[in-house]
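Take a look at the letters that make up each chain.
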Amino acid sequence: MSTASTKIVGNQLSKLSPWLVFHIASLATFIVSIDTTVLYVAFHSISKSFPDASATSISWVMNAYTLVYATCLIPAGGLADRFGRKRVFMYGVAAFIAASVLCGLSPNVTTLIFARMLQAVGASMLGPAALSLILEAFAKDKRAIVVGAWGAIGALAAALGPAFGSWIVDSFGWEWAFYINLPIGMYCLIRGRRHLIESSTSNPVAKVRFDLVGMVLIIGAIALIVTSLIEYKHYQNEIIIPITLLIAGMLLLIGFIYWCKRALNPLVDLKLFRSKTYQAVNTAAFFFSIAFATMFFSFFFLMTKIWGYSLPQAGLAMMTGPATVIPTALLGGRVAAKYGHKVVLTLGCLIFSISSLWYLFAITATPDYLWACLPGQIISGVGVGLVMPSLSGAAAHDLPQKDYAIGSAINQAVRQIGTVFGVAITVAILVKATVVLNDFHHLYAIQFLLVIASAVLVTKVNTKPNQLV
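Residues numbered from 1 in each chain as written. Predicted model: local features only at pLDDT ≥ 70, side-chain atom pairs only at ≥ 80, totals over all residues. Heavy atoms only, no water.

*Asks:* Break down the overall build of the protein chain for me, with residues and values.
*Replies:* Counting its secondary structure elements, the protein chain contains 16 helices and two strands. The long-range fraction of contacts in the protein chain, counting pairs at least 24 apart against all pairs at least 6 apart in sequence, stands at 82%. Accessible area of the protein chain: about 20700 Å², with a carbon and sulfur share of 67%. (Helix = DSSP H or I, 4+ residues; strand = E, 2+ residues; numbered from the N terminus. Contact = heavy atoms within 4.5 Å. Areas by Shrake-Rupley, 256 points an atom, 1.4 Å probe, with all protein chains shown as cover.)

See the structure below:
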């Protein structure tokens, strides 16, 4: 039997179903997850609305969100622990839906990028707080099931996002990809205010890991490196410009690492990386996230620019892969619990690499969804289902209890930064006047190499029960 949370109503103590907590918290994170995939669909629509904006500016509509979200995850977890998980969750939802409305009303790309950054702050607040509320509502022996259900919700959002988002964008415009968050978010706020209870572990004197210098350094470093990638093709006759941006970004990254070694309360605790498993998992997560983002984002370019699909058709075509993730993730979790994460991660990476090879050799300029695309979708979905949840589980496996939250947040941040690079690579290769099939072949080759590198790295993971290799 799972434990139920309790709340005071008048003078009586009443039971609060833990699944009601799960419903409220997971619905809020669902709109955050679905909002990401919707933006992949809306890229071309946003570009048409702001014809004077460069491809770099449009790409930062996505990348600014992801980068701010990644760097705010770590301090956000500390805020929830200090001030209360319900309180931070409610503020996060409110900030997210307010920023969503601002996104839809944005008169220019600059305002849209700023609004997306505010969205990211709200998302970073509600995400860790929501999961903490859910875990606190359930008995310890039920948490593995709940985490599996939580992962399935994210997979469902990825599956529905392209189809739902493409229909919304095609029918009403990209603005409604943001406006749709308002009614769902308001529902979560109303239900949350009435039914959620404050966490029992909030600590008013706990330190919040808020490292402003570290955040500025890592955001600046990634922004410069990503911009150098995107702008490379525009400055082929003035190669010094992207090279200068790249060098400046690398210097800031070195400065970030140096700062984290010297600061008393750094954004990233480098001591966690003394674990070989933690090192391997996070490096693999970075590479795999780049590959996944290039695969997911480039799909819409292929469907619309090469095969001539409409946006709703492309969205429906994208549903198969993410839908395959759900059962695979549940099965992979059981295997990892019994045999460790290494076998699941290695197998998942190798399967995903097969999908890259399939696309490389099967995709032609002639539309052929059933033979050329569908098998690749199923194969990649199985690979992602095995890898993504196991990356989180393996990252947290060897962490001391006191570092569980911060270690998990760092792992999530690394994956988000990988996504930023994946979007940048896709934009650099595909956003141009004329896209040809060979451009996609370059992306598939890059995906393959990145995932093979991930497969090699995860062989160093050791989370087998009783540490028996």
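*Asks:* Break down the layout of surface pockets for me, with residues and values.
*Replies:* By volume, the second largest pocket amounts to about 660 Å³. Together, 27 residues line the second largest pocket, and Ile-218, Leu-253, Phe-256, Val-414 and Ile-417 are the ones closest to its centre. Counting residues per element, the ones that place at least two in the lining of the second largest pocket are α2 (55-83), α8 (212-231), α9 (240-262), α10 (276-306) and α15 (404-430). The leading source of residues in the lining of the second largest pocket is α9, at seven residues. (1 Å grid on protein atoms, 1.4 Å probe; cavity = no way out; pocket = protein on both sides within 12 Å on 5 of 7 lines; lining within 4 Å. Points joined across faces, edges and corners; volume = space filled by probe spheres on them.)

*Asks:* Now, about helix α12 (residues 320-339): what can you tell me, with residues and values included?
*Replies:* In a regular helix each residue adds 1.5 Å, so 20 residues correspond to 28 Å; α12 covers 28 Å between its end C-alpha atoms and thus fits that length. Residue Pro-327 marks the point of greatest curvature in α12, where the axis turns by about 30 degrees. Inspection of α12 places Gly-321, Pro-322, Thr-324, Val-325, Thr-328, Ala-329, Gly-332 and Ala-336 among the buried residues, and these make up the whole buried set. Just beyond α12, the residue with positive phi is Gly-340, at close to 95 degrees. (Expected span 1.5 Å × (residues − 1). Bend = angle between axes of the 7 residues up to and from the residue. Buried < 20%, exposed > 50% of the residue type's maximum accessible area, 1.4 Å probe, protein only.)

*Asks:* Now, about the environment of Gln-377: what can you tell me, with residues and values included?
*Replies:* Looking at the element boundaries, Gln-377 is found in helix α14 (residues 369-397). When its relative accessible area of 1% is taken as the criterion, Gln-377 is described as buried. Sequence spacing of Gln-377 and Ala-317 is 60 residues, and the spatial spacing of their C-alpha atoms is 9.0 Å. Among residues more than four places away in sequence, those in contact with Gln-377 are Phe-299, Ala-317, Met-318, Met-319, Thr-320, Gly-321 and Tyr-359.

*Asks:* Talk me through empty space enclosed by the protein; I want residue IDs and the actual numbers.
*Replies:* With the rule as written, the count across this model stands at two cavities of 30 Å³ or more. Here the largest cavity is characterised by a volume of approximately 60 Å³. What lines the largest cavity is simply Thr-36, Leu-39, Tyr-40, Met-62, Tyr-65, Thr-66, Arg-116, Thr-419 and Val-423. If you list the elements that add at least two residues to the lining of the largest cavity, you get α1 (18-49), α2 and α15. Split by residue class, the lining of the largest cavity holds five nonpolar, three polar and one charged. Looking at the second largest cavity, its volume works out to about 40 Å³. Lining the second largest cavity are Met-295, Ser-298, Phe-299, Leu-302, Tyr-359 and Tyr-444. Per-element tally for the lining of the second largest cavity: the top contributor is α10, with four residues. Classifying every residue of the lining of the second largest cavity by side-chain character gives five nonpolar, one polar and no charged. (Nonpolar A, V, L, I, M, F, W, Y, C, P; charged D, E, K, R; others polar.)

*Asks:* Describe the packing of aromatic side chains, with residues and values.
*Replies:* What the rule picks out here adds up to 20 aromatic pairs. For the ring pair Phe-286 and Phe-287, a centre distance of 5.8 Å and an interplane angle of 50 degrees mean the geometry is tilted. You can call Phe-287 partly exposed: its relative accessible area is 25%. The interplanar angle of 90 degrees and the centroid separation of 6.0 Å between the aromatic rings of Phe-299 and Phe-300 together place this pair among those described as edge-to-face. Residue classification places Phe-300 among the buried residues on the basis of a relative accessible area of 3%. Ring-pair connections join several aromatic residues into one group, and the members of that group are Trp-167, Phe-172, Trp-176 and Tyr-179. If you follow Arg-116 out to its NZ or CZ, it ends over the ring of Tyr-65, 4.2 Å from the centre. (Phe/Tyr/Trp six-rings, centres within 6.5 Å; stacked < 30°, edge-to-face > 60°. Lys NZ or Arg CZ within 6 Å of the ring centre and 35° of its normal.)

*Asks:* Just give me the short version of the nonpolar core, but keep the residues and values in it.
*Replies:* If you look at the biggest cluster of nonpolar residues, it comprises 142 residues, and the most contacted ones within it are Ile-46 and Phe-89. For this core, the element with the highest residue contribution is α10, accounting for 18 residues. If we ignore the near neighbours within four places in the chain, the residues touching Phe-89 are Ile-24, Ala-25, Ala-28, Leu-126, Ala-129, Ala-130, Leu-133 and Leu-196. (Core = buried A, V, L, I, M, F, W, Y, C linked by side-chain atoms within 4.5 Å.)

*Asks:* Could you give an account of the side chain of Ser-59, naming the residues involved and the relevant values?
*Replies:* Along the chain, Ser-59 turns up in helix α2. If sequence neighbours within four positions are ignored, Ser-59 has contacts with Phe-43, Ile-230 and Val-427.

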